[in-house]
Amino acid sequence: MTSNRIKLRMMIITALFAAIIGILAQLSIPLPLVPITGQTLAIGLAATILGAKYGTFSVILYILIGAAGIPVYAEMQAGISVLFGPTGGYLAGFIPTAFFIGWMLERTAYSFKYALIANTVGMLITLSFGTAWLKIAAGLTWSAAFTGGFFPFLVVGIIKAALASWIGISVRQRLQGANLLYSVKADTALTKTI
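Residues numbered from 1 in each chain as written. Predicted model: local features only at pLDDT ≥ 70, side-chain atom pairs only at ≥ 80, totals over all residues. Heavy atoms only, no water.

A.B. asks: What should I look at first to understand the overall build of the protein chain in this one?
C.D. replies: Of the regular secondary structure elements, the protein chain holds eight helices and two strands. Helices (α) and strands (β) of the protein chain occur, in sequence order from the N terminus, as α-β-β-α-α-α-α-α-α-α. Each principal axis of the C-alpha atoms in the protein chain carries an extent, and together these give about 55 × 35 × 25 Å. Within the span of the protein chain, comprising 194 residues, buried residues form 42% of the whole. (Helix = DSSP H or I, 4+ residues; strand = E, 2+ residues; numbered from the N terminus. Buried < 20%, exposed > 50% of the residue type's maximum accessible area, 1.4 Å probe, protein only.)

Below, the structure is given as structure tokens:
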């Protein structure tokens, strides 16, 4: 298969994962300040399956689609105002989260153990970005920001990290077995030959 076809395939898969993030974002449990959503599960899946580069691209594409006005953010929200609202820090935090998860797996191994560690740390990255921005955007004290934007999500976050790890590793293996997904090493080799 030519490098252009492989790039096209990875672009399509990246766009597909941006759509998956938007769909899972609509699974929502409302809370007073920040809802519990399926977004973080989808971010973990994208990064675990696609790796750092394409996982991060899928998250950036998702954020840009929502910023452009398509209602893909949690609770069918959209627009630049959401990025600057109380939940904007979580959306911004998805980018380093996806990169970290993929980066760690590329440097260790695509196994459930490492995926669980990567996704758990990724959850903490998202929650840290979100809590810091929640404090600023909502004018809260640090205590109130942690109470409303960090602690309620820890247990659910660990469950989602475990699900993203288990499902992500399984799907990644199947996609690679069907020659639908290429490893970072193959991607690097292609880049060097182009």
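Still more to cover.
A.B. asks: Honestly, the packing of helix α1 (residues 3-24) against helix α2 (residues 39-67) in this entry has me stumped. Any pointers?
C.D. replies: Each packed pair of helices is defined by two parameters, the angle between the axes and the distance between the axes. Between α1 and α2, the shortest axis-to-axis distance is 9 Å and the interhelical angle comes to 145°. α1 and α2 meet at a crossing whose hand is left-handed. Among the residues forming the contact of α1 with α2, the class breakdown is 20 nonpolar, four polar and no charged. (Axes fitted to C-alpha atoms, helices over the stretch in contact; angles between N-to-C directions. Left-handed = near helix turned anticlockwise from the far one by under 90°. Nonpolar A, V, L, I, M, F, W, Y, C, P; charged D, E, K, R; others polar.)

A.B. asks: Looking at this structure, how should I read the pattern of salt bridges?
C.D. replies: Side chains bearing opposite charge may pair, as long as their charged atoms lie close to each other. Tallying each qualifying case throughout the model produces one salt bridge. Linking R107 and E106 is a salt bridge whose minimum nitrogen-to-oxygen distance equals 3.6 Å. Relative accessible area serves as the criterion here: at 23%, E106 is assigned to the partly exposed category. (Salt bridge = Lys/Arg side-chain N within 4 Å of Asp/Glu carboxyl O.)

A.B. asks: Mind showing me how you'd approach the side chain of S165 here?
C.D. replies: Considering the arrangement of structural elements, one finds S165 in helix α7 (residues 154-177). Here S165 falls in the buried class, since its relative accessible area comes to 0%. Among the polar contacts listed, one links the side chain of S165 to the backbone nitrogen of L116, at a separation of 3.1 Å. Residues within four places of S165 in sequence aside, it is in contact with T48, F112, A115, L116 and N119. (Polar contact = N/O pair within 3.5 Å; in protein donor to acceptor, adjacent residues only side chain to side chain. Contact = heavy atoms within 4.5 Å.)

A.B. asks: What am I meant to see in a nonpolar patch on the surface here?
C.D. replies: A surface patch of nonpolar side chains, about 590 Å² in accessible area, is lined by F112, V155, I159, L163, W166 and I167. Per-element accounting of the nonpolar patch gives the leading share, five residues, to α7. Mapped onto the secondary structure, W166 falls in helix α7. (Patch = residues over 30% accessible without salt bridge, like charges linked within 9 Å, V, L, I, M, F, W, Y side chains within 5 Å. Areas by Shrake-Rupley, 256 points an atom, 1.4 Å probe, with all protein chains shown as cover.)

A.B. asks: What exactly am I supposed to notice about the nonpolar core here?
C.D. replies: Soluble globular proteins tend to pack their nonpolar side chains together in the buried interior. Grouped together as the largest cluster of nonpolar side chains are 35 residues, with contacts concentrated most on M10, L50, V59, Y62 and Y73. Elements supplying a minimum of two residues to this core: α1, α2, α4 (88-107), α5 (112-138) and α7. When residues of this core are assigned to their parent elements, the largest contribution, 13 residues, is made by α2. Among residues more than four places away in sequence, those in contact with L50 are M10, I13, T14, F17, G55, S58, R172 and L181. Residues Y90, L127, L134 and F153 belong to the second largest nonpolar core, which totals eight residues. (Core = buried A, V, L, I, M, F, W, Y, C linked by side-chain atoms within 4.5 Å.)

A.B. asks: Honestly, the side chain of S58 in this entry has me stumped. Any pointers?
C.D. replies: Within the secondary structure, S58 is located in helix α2. Residue classification places S58 among the buried residues on the basis of a relative accessible area of 0%. A distance of 2.7 Å separates a polar atom in the side chain of S58 from the backbone oxygen of G55. Other than its neighbours up to four places away in sequence, S58 contacts T14, F17, A18, I21, A46 and L50.

A.B. asks: Even after reading the chapter, I still don't get the layout of surface pockets, so can you show me in this structure?
C.D. replies: Over the atoms a probe the size of a water molecule is rolled, and this reveals where empty space is left. Here the largest pocket defines a volume of roughly 470 Å³. In terms of lining, the largest pocket is formed by 34 residues, of which the most central are T37, Q39, T40, Y90 and F94. Elements with a contribution of two residues or more to the lining of the largest pocket: β2 (36-37), α2, α3 (80-84), α4, α5 and α7. Per-class residue counts for the lining of the largest pocket are 19 nonpolar, 13 polar and two charged. (1 Å grid on protein atoms, 1.4 Å probe; cavity = no way out; pocket = protein on both sides within 12 Å on 5 of 7 lines; lining within 4 Å. Points joined across faces, edges and corners; volume = space filled by probe spheres on them.)

A.B. asks: In this structure, what is going on with α7? I would like to understand it.
C.D. replies: Given 3.6 residues per helical turn, the α-helix brings residues three or four places apart onto the same face. Relative to the 34 Å expected for 24 residues at 1.5 Å per residue, α7 spans 34 Å between its end C-alpha atoms, a close match to the ideal helical length. A positive backbone phi angle near 55° is found at N179, which sits one or two residues after α7. (Expected span 1.5 Å × (residues − 1).)

Such coordinate-based values are descriptive only and should not be taken to indicate function.
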